[in-house]
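# Geometric and topological summary
Spelled out from the first residue to the last, the chains are:
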Amino acid sequence: MAKRILATLLLLLTHTVALAAPIKVGLVLDKGGKDDKSFNSAAYAGATKAEKDLKIELKYVEATDTNAIENLHRAFARKNFDLIIGIGFAQKEAVQKVAAQFPKVKFAIVDGEVSAPNVRSLMFAEHEGSFLVGALAAMASKTHSIGFVGGMDIPLIRRFEMGYAAGAKYVDPKIKITDNYVGVTGEAWNNPAKSKELALSQYSNGADVVFACAGASNTGVFDAAEDKKKFAIGVDSNQNWIKPGIILTSMMKAVDVAVYDTIKETQEGKFAGGIVQFGLKNNGVNYTVDKYNEKLITPQMKKKVEEIKKKIIAGQIQVPDYYKKK
């Protein structure tokens, strides 16, 4: 009897320890790195918050070479990590391939659609949030001319631009919009000198608000705005604090929340593959107002943009989507 009780206690203890064991999470950031003050920083913030709150084991790597992404994912999988999260569209093929090779490992990817039972695709309605900041840019502009500086010229960033332009024209149909892209390779995400050059040109040609969608290259646009005493708009994370009084607002994607929730659900045994959408309806994208820019967004501007936001959510305003462009 004593042996049977002891065996039962040992079994219960083993089960309890197993339940309490922290999950291992691998985070693969893209070339911008965790300090890009934008997209990667948001993902890293969500993961480190999970590490603190949920007591998970977190390891991260920065994919400075795009060709190394697949090997980075595979290295985590071979070390029996429970969840591997890839940040950025450029990781789509790597996630698709490695997830197929390791069907018992769970994967998540931000901004890439991968159809597999062990992969969760975290997708954002960038065009909706960009429509709002475009409207704010048009309201703030005194020259009826605004600009857009994208990082790498890809459909995702064109999606931001299309929404931004539509939002601006919703407010001011005759507004002029100038666009430029830093480059056509991954280096474009981390070239602030080039983005500053492009933004300075736009400001010199009459633009007084420029939306920066260029990862770590955004800092160049912000420096140009400061030099010219004009406005810039941040992206992905709330970047208002970087240049208070210069950054009109930021088009924020809740990448941190998406990463955190995915880790939490994995730990709770609730992970499910498939596409999870984040838009205005669930605060997945939005514009930002805080102590750093509250004097720049007048009550009238805020009232107007909130009305626009409600109309988009209600389906009364159809925001053009580059992904659905014919």
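So, how was this worked out
- Residues numbered from 1 in each chain as written.
- Predicted model: local features only at pLDDT ≥ 70, side-chain atom pairs only at ≥ 80, totals over all residues.
- Heavy atoms only, no water.
- Helix = DSSP H or I, 4+ residues; strand = E, 2+ residues; numbered from the N terminus.
- Rg over C-alpha atoms; globule rule 2.2 N^0.38 Å.
- Buried < 20%, exposed > 50% of the residue type's maximum accessible area, 1.4 Å probe, protein only.
- Contact = heavy atoms within 4.5 Å.
- Areas by Shrake-Rupley, 256 points an atom, 1.4 Å probe, with all protein chains shown as cover.
- Core = buried A, V, L, I, M, F, W, Y, C linked by side-chain atoms within 4.5 Å.
- pLDDT = per-residue confidence, 0-100.
- Phe/Tyr/Trp six-rings, centres within 6.5 Å; stacked < 30°, edge-to-face > 60°.
- Pairing = 2+ DSSP bridges.
- Axes fitted to C-alpha atoms, helices over the stretch in contact; angles between N-to-C directions.
- 1 Å grid on protein atoms, 1.4 Å probe; cavity = no way out; pocket = protein on both sides within 12 Å on 5 of 7 lines; lining within 4 Å.
- Points joined across faces, edges and corners; volume = space filled by probe spheres on them.

## Quick notes on the overall build of the chain
A count of helices and strands for the chain gives ten helices and twelve strands. In terms of overall size, the chain behaves like a compact globule, its C-alpha atoms giving a radius of gyration of 22 Å where 326 residues would be expected to give roughly 20 Å. The dimensions of the chain, computed from C-alpha atoms along their principal axes, are 85 × 40 × 40 Å. For the chain, the residues scored as buried account for 51% of the 326 residues in total. Excluding contacts between residues fewer than 6 apart, the proportion of contacts in the chain whose partners are at least 24 apart in sequence is 68%. Accessible area of the chain: about 15,500 Å², with a carbon and sulfur share of 54%.

## Here's the deal with the nonpolar core
Counting residues in each nonpolar core, the largest one holds 83 residues, and the members touching the most others are Ile85, Ile87, Ile157, Phe160, Tyr164, Phe211 and Ile263. Considering every element that reaches this core, the biggest residue donor is helix H5 (residues 126-140), with eight residues. Discounting chain neighbours no more than four positions away, the residues touching Tyr164 are Ser130, Phe131, Val133, Gly134, Ala137, Ile146, Gly147, Phe148, Val209, Val210, Phe211 and Ile233. Core analysis: the second largest hydrophobic core is formed by 16 residues, Phe81, Ala99, Val105 and Ile109 among them.

## Regarding the confidence of the model for the chain
On average, residues of the chain score 93 in pLDDT, and 94% of them reach the 70 mark or higher. Under a pLDDT of 50 for its full length, residues 13-19 has, in the predicted model, zero contacts with residues more than four places off or in other chains.

## Quick notes on the packing of aromatic side chains
Tallied over the entire structure, the rule returns nine aromatic pairs. Taking 4.9 Å as the distance between ring centres and 20 degrees as the angle between the ring planes, the aromatic pair formed by Phe124 and Phe278 counts as stacked. Of this pair, Phe124 sits in strand S5 (residues 119-124) while Phe278 sits in strand S11 (residues 274-278), and the two are 154 residues apart along the sequence. Pair check on accessibility: Phe124 and Phe278 agree, each one buried. Seen in terms of ring centroids, Phe148 and Tyr164 are 6.1 Å apart; in terms of plane orientation they differ by 40 degrees. Their pairing is tilted.

## Looking at the sheet that holds S11
Pairing is parallel across the open sheet formed by six strands, whose spatial order is S2-S1-S3-S4-S5-S11. Each edge of the sheet is formed by a strand with only one pairing partner; in this case those strands are strand S2 (57-62) and S11. On average, each strand axis in the sheet is tilted by 15 degrees relative to the strand beside it, whichever way the strands run. As judged from the five bridges shared by strand S3 (residues 83-87) and strand S4 (residues 106-110), these two strands associate in the parallel manner. When the bridges of S4 are listed, Leu83 appears paired with Lys106.

## A few points about the layout of surface pockets
Estimated volume of the largest pocket: approximately 490 Å³. Ala125, His127, Glu128, Arg159 and Lys324 are the residues nearest the centre of the largest pocket, which is lined by 23 residues in total. Top contributing element to the lining of the largest pocket by residue count: helix H10 (residues 299-314), with three residues.

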